[in-house]
Amino acid sequence: MNDQSLDPAGLLKCPSCGTKVPSLFKLTADDIQRRFSPEETGFYMRVCSDCVNSLRRAARLEVRYKSKEMLRNASFTIPPLSLAFYALFRTWTGPVFLITTVIFLTAGATVFKETGQRYAYTHNLVWSLRNRRVTIGFSITCAIIIAAALSQIARFG
Ligand SMILES: [Zn+2]
């Protein structure tokens, strides 16, 4: 055991989160979803029980971004933004199309980039799509589509 991590009270410092705990645990190969445990690959590391659990969840790509939170983010983003874009489309005579297109493409690109990077790394589409950045980016593109549709209806309907 490393003397540096041992403090006078006999508590051990978790190298991952820095919390002082009475005992640290070994990570197994199964914990990190690899063929070999960290120890077998020459990487000696024991962590606290909280870190074992969070490392296990991370290795299994458990989605921590809850559907409820995703819905909340989307519902707090889409209606106000739709209204804002709608007001913009109806009132502003400046280069509204150009600016909206830039915002639309930026949001769309963010969704693709974020999802693409996550997918390239994990090959898990659900995990790749379920995160805040993708939700917000997607909400912005939805808001623009809704606002555009509403202003078309208002104009011709
Ligand atoms: Zn820890």
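A quick note: this is a predicted structure, and the numbers were derived from the prediction, not measured.

A. Inspection of the overall build of the chain at higher detail. When you go through the chain residue by residue, the secondary structure sums to five helices and four strands. Ordering the α and β elements of the chain from the N terminus gives β-β-β-β-α-α-α-α-α. In summary, the chain has a C-alpha radius of gyration of 24 Å against a globular reference of 15 Å for 157 residues, an excess of more than 25%. Structurally, the chain occupies a C-alpha span of about 75 × 35 × 25 Å along its principal axes. Sorting the 157 residues of the chain into buried and exposed places 15% on the buried side. For the chain, restricting intrachain contacts to residue pairs at least 6 apart in sequence, the fraction spanning at least 24 positions comes to 60%.

B. Main features of unusual backbone geometry. One non-glycine residue, Leu61, lies in positive phi territory at about 55°. Examined against the element boundaries, Leu61 turns out to sit in the loop between α1 (49-59) and α2 (67-91). Phi at His123 is positive, roughly 55°, even though this residue is not glycine. With respect to the element layout, His123 can be found in the loop between α3 (96-122) and α4 (125-129).

C. Looking closely at the environment of Arg60. By secondary structure assignment, the location of Arg60 is in the loop between α1 and α2. Taking the C-alpha atoms as reference points, Arg60 and Glu114, 54 residues apart in sequence, are found 19 Å from one another.

D. Region of the structure containing α3. Taking 1.5 Å of rise per residue, the 27 residues of α3 would be expected to cover 39 Å, and the 39 Å separating its terminal C-alpha atoms lies within 8% of that figure. Taken residue by residue, α3 has Val111, Thr115 and Arg118 as its buried positions. One or two positions beyond α3, positive phi appears at His123, with a value near 55°.

E. The arrangement of the domain arrangement of the chain in detail. Domain parsing of the chain yields domain 1 (12-60) and domain 2 (67-156). The C-alpha-based centres of domain 1 and domain 2 are spaced at 39 Å.

F. Expanded view of the packing of α3 against helix α5 (residues 132-156). One way to put it is that α3 packs onto α5 with a least axis distance of 8 Å and a crossing angle of 150°. The angle between α3 and α5 falls in the class roughly antiparallel. As for how α3 packs across α5, the hand of that crossing is left-handed. Of the residues in α5, those touching α3 at Thr100, Ile103, Phe104, Ala107, Gly108, Thr110, Val111, Glu114 and Thr115 are Arg133, Val134, Gly137, Phe138, Ile140, Thr141 and Ile144. Residue classes in the contact of α3 with α5 are distributed as eight nonpolar, six polar and two charged.

G. Broad picture of the packing of α2 against α5. Interaxial distance between α2 and α5 falls to 7 Å at its minimum, and their mutual angle equals 35°. Note on packing geometry: the crossing formed by α2 with α5 is right-handed. For the contact of α2 with α5, the per-class residue count stands at 17 nonpolar, six polar and two charged.

H. Representation of the environment of Phe112 in the model. Examined against the element boundaries, Phe112 turns out to sit in helix α3. Here the alpha-carbon distance between Phe112 and Pro80, two residues 32 residues apart in the chain, equals 23 Å.

Calculation criteria
- Residues numbered from 1 in each chain as written.
- Predicted model: local features only at pLDDT ≥ 70, side-chain atom pairs only at ≥ 80, totals over all residues.
- Helix = DSSP H or I, 4+ residues; strand = E, 2+ residues; numbered from the N terminus.
- Rg over C-alpha atoms; globule rule 2.2 N^0.38 Å.
- Buried ≥ 20, exposed ≤ 12 C-beta atoms within 10 Å, placed from the backbone.
- Contact = placed C-beta atoms within 7 Å.
- Expected span 1.5 Å × (residues − 1).
- Domains from an automatic or database assignment.
- Axes fitted to C-alpha atoms, helices over the stretch in contact; angles between N-to-C directions.
- Parallel < 35°, antiparallel > 145°, perpendicular 65-115°, else oblique.
- Left-handed = near helix turned anticlockwise from the far one by under 90°.
- Nonpolar A, V, L, I, M, F, W, Y, C, P; charged D, E, K, R; others polar.

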